[in-house]
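Descriptive structure summary
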Amino acid sequence: MDDLNRTPLFDLHLALGAKMVPFAGYDMPVQYPLGVMKEHLHCRAACGLFDVSHMGQVLLRPLSGDVDDAALALEALVPVDVLGLKPGRQRYALFTNETGGVLDDLMVARWDEALFLVVNAACKEADIAHLRAHLSDTCEIEVQDRALIALQGPGAAQALSHLVPGVEDMRFMDSRAFGDLWISRSGYTGEDGYEISLPADTAEGFARRLLEIDAVEPIGLGARDSLRLEAGLCLYGHDIDTGTTPVAGGLKWAIQKARRAGGAREGGFPGASVVLAELADGAQTARVGLRPEGRAPMREGVVLFEGEAGGEAIGRVTSGGFGPTVGGPVAMGYVPAALATPGTRIYGEVRGKRMAAEVVALPFVEQGYKR
């Protein structure tokens, strides 16, 4: 455990009684005394505070001084319309490889003078190397040493506005600076909320002030995972990876018209021929939601079959567990496109026994974003 990194909120986690676990090279809180189930339900009903400082934060500053040049440079690595992103807005994006697989998913915000990227913790070193290898001729790549916290839930706007007046006026996917706070109205739970980048030396004090608000409770990685699963959101390295394309992963909504066939800047990203062909003809496999029958969960790695007995495996579960809001087990996984229609009955093999599950539309819980 001594070789694990610590976030600026490490001491606060200990003071709050968190159970700490290794995650993506960091010592992170998996739960607090409230417990995973109550943390999950509290976030859905009120407001939860998450430490996501382990994630990577990067500014792309165009050497030319024109942010359009940084946007066009980044478009060579992602199948996303970055040029069309308006100042003060952000967008979900994907780094792809030459076969159309996903290297990582990330958030991209456009500011007046730079692009602000937030990448996954487990991939951030590779992502930064990727950016430097391909964009150093056009952009200054500034890795940020800042804390990052998320405030999520229907009470998030009211809570944060006590400390930062004006945040309640932001829309979903807005990104604005409030002094040294860089705030976006986004998150990873399916609920309304914010992600707040702030100087590392002020993070603990700011978090403590939020936790003084009655509606706010600290939330660990355990509830973060069940919340994003109910919201149908992918976890990189599990639901998407280098072996899955954006189309198979159900993420074609993230590829705007400008980057598609016939668009103003068609293709031009790694694996474009594969991805554009799948956009036109469909992928062979599809990520689906699954509702197992009964109470036993189907967790990651469970092998899926078309029939109750015999036959070859058709896919596997990539994320699964108990959905506290749903009140039963939920899962996501990949199946052949022909079996991806909601209402299809398939089977997962759990401890040597096949259990029935129904293919359902995602998300499992209605999303509460501020549109």
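It should be emphasised that the depicted structure is a prediction, and the values quoted were computed from it without experimental measurement.

1. Examining the pattern of salt bridges
- Counting across every chain of the model gives 15 salt bridges.
- D81 is the salt-bridge partner of R265, the closest N and O atoms lying 2.7 Å from each other. Separated by 184 residues along the polypeptide, R265 in the loop between α7 (221-230) and α8 (272-281) and D81 in the loop between α3 (67-75) and β5 (89-96) bring together distant segments of the chain.
- The residue D192 makes a salt bridge to R185 at a minimum N-O spacing of 2.7 Å.
- Its relative accessible area of 9% is what places D192 among the buried residues.
- Taken together, the shared-partner salt bridges connect E75, D81, R259 and R265 into one network.

2. Quick word on the packing of aromatic side chains
- Under the definition given, this model contains 5 aromatic pairs.
- Aromatic pair W111 and F116: ring centres 5.1 Å apart, planes at 25 degrees, arrangement stacked. Each member of the pair, W111 as well as F116, carries the same accessibility label: buried.
- Centre to centre, the rings of F172 and Y369 are 4.2 Å apart; their planes meet at 10 degrees, and the pair counts as stacked. Of this pair, F172 sits in the loop between α5 (156-163) and β10 (175-178) while Y369 is found in the segment after β19 (353-360), placing the two residues 197 residues apart along the sequence. The same class applies to F172 and to Y369, which are both buried.
- Ring-pair connections join several aromatic residues into one group, and the members of that group are W111, F116 and W182.

3. Overview of empty space enclosed by the protein
- Under the definition given, this model contains 4 cavities of 30 Å³ or more.
- Quantified by volume, the largest cavity comes out at close to 90 Å³.
- Lining the largest cavity are 13 residues, and of these Q90, F116, V118, S184 and E195 sit closest to its centre.
- Here the lining of the largest cavity takes 3 residues from strand β11 (residues 181-184), the largest share from any one element.
- Residue classes in the lining of the largest cavity are distributed as 7 nonpolar, 5 polar and 1 charged.

4. Side note on α7
- When you tally the buried positions in α7, you get 8 out of 10 residues, the bulk of the element.
- For α7, the full list of buried residues reads L221, A223, R224, S226, L227, R228, L229 and E230.
- In this structure, the buried side of α7 is in contact with β1 (19-23), β2 (26-31), α2 (36-45), β3 (47-51), β16 (313-323) and β17 (328-336).

5. Describing the side chain of N97
- The residue N97 is located in the loop between β5 and β6 (102-110) in this model.
- Within the structure, the side chain of N97 is placed 3.0 Å from the side chain of T99, a separation counted as a polar contact.
- A distance of 2.7 Å separates the side chain of N97 from the backbone nitrogen of G101, its partner in a polar contact.
- Apart from residues lying up to four places away in sequence, N97 is in contact with L103, T242, P270 and G271.

6. Observations concerning the layout of surface pockets
- There is about 1,100 Å³ of room inside the largest pocket.
- Taken together, 40 residues line the largest pocket, and the ones lying closest to its centre are Y92, D105, Y188, L233 and W253.
- The set of elements that each furnish at least two residues to the lining of the largest pocket consists of β5, β6 and β7 (115-119).
- For the lining of the largest pocket, the residue count by class is 24 nonpolar, 10 polar and 6 charged.

7. Notes on the pairing of strand β18 (residues 345-350)
- Looking at chain direction, strand β15 (residues 303-305) and β18 are connected through 3 bridges and run antiparallel. Of the residues in β18, the one forming a bridge with F305 is Y347.
- Bridge count between β18 and β19: 6 bridges; the pairing is antiparallel. Its bridge partner being in β19, V350 is matched across the sheet by K353.
- A loop of 2 residues connects β18 with β19, the two strands running antiparallel in sequence, and R351 in this loop sits at a positive phi of about 50 degrees.

8. Here's the deal with the nonpolar core
- Counting 39 residues, the largest nonpolar core has Y92, F116 and I240 as the members making the most contacts within it.
- Among the elements of the structure, β5, β6, β7, β9 (146-152), α7 and α8 are those that each provide at least two residues to this core.
- The leading source of residues in this core is β6, at 3 residues.
- Apart from the residues lying within four places of it in its own chain, the contact partners of F116 are Q57, V58, L59, M107, V108, A109, W111, W182 and S197.
- One finds L9, L163, F178 and A203 within the second-largest nonpolar core, a separate group that totals 28 residues.

Rules of the game
- Residues numbered from 1 in each chain as written.
- Predicted model: local features only at pLDDT ≥ 70, side-chain atom pairs only at ≥ 80, totals over all residues.
- Heavy atoms only, no water.
- Salt bridge = Lys/Arg side-chain N within 4 Å of Asp/Glu carboxyl O.
- Helix = DSSP H or I, 4+ residues; strand = E, 2+ residues; numbered from the N terminus.
- Buried < 20%, exposed > 50% of the residue type's maximum accessible area, 1.4 Å probe, protein only.
- Phe/Tyr/Trp six-rings, centres within 6.5 Å; stacked < 30°, edge-to-face > 60°.
- 1 Å grid on protein atoms, 1.4 Å probe; cavity = no way out; pocket = protein on both sides within 12 Å on 5 of 7 lines; lining within 4 Å.
- Points joined across faces, edges and corners; volume = space filled by probe spheres on them.
- Nonpolar A, V, L, I, M, F, W, Y, C, P; charged D, E, K, R; others polar.
- Contact = heavy atoms within 4.5 Å.
- Polar contact = N/O pair within 3.5 Å; in protein donor to acceptor, adjacent residues only side chain to side chain.
- Pairing = 2+ DSSP bridges.
- Core = buried A, V, L, I, M, F, W, Y, C linked by side-chain atoms within 4.5 Å.

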